Amino acid sequence: MFEDETVEDVGPIDLWEEEEEEAEPEKLLIPIFISFKKFPFLCLTHHFPSPFRAVLSMALSGANKDGRGVRIYEYLDELNTDLAEYIAELSEASVKERGVFAIALSGGSLISLMGKLCEAPYSKTVDWAKWYIFWVDERVVAKNHADSNYKLAKDGLLSKVPIVPSHVHSINDMVSAEKAAEDYEFVIRQLVRTRVISVSDISDCPKFDLILLGLGPDGHVASLFPNHSILEEKEEWVTFLTDSPKPPPERITFTLPVINSASNVAIVVTGSSKAEAVHSAIDDVGPDCPTLPAKMVQPTKGNLVWFLDKAAASKLDGGAKFSE
Ligand SMILES: O=C1O[C@H](COP(=O)(O)O)[C@@H](O)[C@H](O)[C@H]1O
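What comes next concerns the included structure. Small disclaimer: the values here were computed from a predicted structure and weren't measured.

Overview of the site of the ligand
- In the vicinity of the ligand, 14 residues are found, and the nearest of them are G107, S109, D137, K246 and K274.
- Here an oxygen atom of the ligand and a side-chain polar atom of D137 are 2.6 Å apart.
- Protein contacts shield 91% of the accessible area of the ligand, which totals 390 Å² for the unbound molecule.
- The residue inventory of the shell around the ligand, partitioned by class, reads two nonpolar, seven polar and five charged.

Describing the side chain of T81
- Within the fold, T81 resides in helix α3 (residues 76-98).
- Side-chain polar atoms of T81 contact the backbone oxygen of D77, separated by 2.9 Å.

Structural notes on the environment of L105
- Note on placement: L105 falls in strand β4 (residues 101-105).
- For the pair L105 and L213, spaced 108 residues apart in the sequence, the C-alpha separation amounts to 7.0 Å.
- Residues within four places of L105 in sequence aside, it is in contact with I111, M114, I133, F134, W135, V136, D137, A153 and L212.

Some remarks on unusual backbone geometry
- With an omega dihedral of 5°, the bond running from A120 to P121 counts as a cis peptide bond.
- As for its placement among the helices and strands, P121 is situated in the loop between α4 (110-113) and α5 (122-125).
- Omega for the bond connecting P247 with P248 falls within 30 degrees of zero, at -5°, which places this linkage in the cis form.
- Note that P248 resides in the loop between β10 (238-241) and β11 (251-254).
- In this structure, R195 takes a positive phi of about 65° despite not being glycine.

Things to note about the environment of P248
- On the basis of relative accessibility, which here comes to 11%, the residue P248 falls in the buried class.
- In sequence terms P248 and I230 are 18 residues apart; their C-alpha atoms lie 17 Å from each other.
- In contact with P248, other than residues within four places in its own chain, are R139, V141 and D147.

Some points on a negative patch on the surface
- On the surface, a cluster of negative charge is made up of E178, E182, D204, E235 and E236.
- Along the polypeptide, E178 turns up in helix α7 (residues 177-193).
- Accessibility expressed as a relative area gives 48% for E178, which makes it partly exposed.

Considering the sheet that holds strand β3 (residues 68-73)
- In space, the six strands of this open sheet follow the order β3-β13-β12-β9-β4-β5, with parallel pairing throughout. Of all strands in the sheet, those with a lone pairing partner are β3 and β5 (131-135), marking the two edges. The sheet shows a mean angle of 20° between the axes of neighbouring strands, taken without regard to direction.
- Where β4 and strand β9 (residues 210-213) come together, two bridges link them in parallel fashion. Within β9, the residue paired with I103 across the bridge is L210.
- The strands touched by helix α9 (residues 275-283) are β3, β12 (264-269) and β13 (303-309); relative to β13, the strand with the most contacts, the crossing angle is about 150°.

Rules used throughout
- Residues numbered from 1 in each chain as written.
- Predicted model: local features only at pLDDT ≥ 70, side-chain atom pairs only at ≥ 80, totals over all residues.
- Heavy atoms only, no water.
- Near = heavy atom within 4 Å.
- Polar contact = N/O pair within 3.5 Å; in protein donor to acceptor, adjacent residues only side chain to side chain.
- Areas by Shrake-Rupley, 256 points an atom, 1.4 Å probe, with all protein chains shown as cover.
- Nonpolar A, V, L, I, M, F, W, Y, C, P; charged D, E, K, R; others polar.
- Helix = DSSP H or I, 4+ residues; strand = E, 2+ residues; numbered from the N terminus.
- Contact = heavy atoms within 4.5 Å.
- Buried < 20%, exposed > 50% of the residue type's maximum accessible area, 1.4 Å probe, protein only.
- Patch = residues over 30% accessible without salt bridge, like charges linked within 9 Å, V, L, I, M, F, W, Y side chains within 5 Å.
- Salt bridge = Lys/Arg side-chain N within 4 Å of Asp/Glu carboxyl O.
- Lys, Arg positive; Asp, Glu negative; His and termini not counted.
- Charge placed at Lys NZ, Arg CZ, Asp CG, Glu CD.
- Pairing = 2+ DSSP bridges.
- Axes fitted to C-alpha atoms, helices over the stretch in contact; angles between N-to-C directions.

If you want it as structure tokens, here you go:
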């Protein structure tokens, strides 16, 4: 129902331009393994040559029984590259298996951290025509407003790659937060019916191929804030709030059952202001523990991966350990 609107709003999508990319020198393979209480998994601390990274990543995923992992990067550039690689690999696997890739984006710092997807090789190798885009949360403001998560993604990502405009599912910004949430859930229901979005095999929830989350210093993910009653929402797929502690106050958000039904969830966090929240969520400590939204992200059957820079990882029990 928003597709026509979305098509207009997205505007002309630039086709990627042919660019001569300089071949990057292959770098040293130095895996570092760190054991966290909840994530007995991996840290990829150096920039792996792509084929090795893919193989290593798969091997480590396999080694991790509950599909959870923490990846810590010394340099932001490495995090950006590995995040792009991770998304590209999931896209390829999903297109191979289902013919489409249903991805839900957050706003905030995430979009710029995904920036490498707009560059070679990903700009050319990703099957953009098979992508269906959704928002995990959205601020109920006009689509051209500086606070709009849609605008952020459009300017920083969607306008730079050949996404099909009718595959971009943004909220209706002309109605109240309550109606926008209701309408957005309706759209998602239609796409679950046609299997553009897969369905959970243990509930009737949508099963997104990938949900990308950021994290606030207070531990919020999407627009799920600590101690807010919507953390308890079990029935709705998309809900709304008009009292967000972080402006703007009116927002819609996926609920925890939807986030936890995804095939893959990644939480991408940078900066020391979030180190305490990262520590609470991953090390399972802190007074806010029971209602810290980030801690409540526990995909039932899907994989959960944290992408952290060293500042965000600095308060982890194991510390942010890097190879020499
Ligand atoms: O308000 C929001 O904040 C979170 C975190 O944003 P960040 O800029 O600190 O990364 C974001 O994930 C969410 O989508 C957004 O609406």
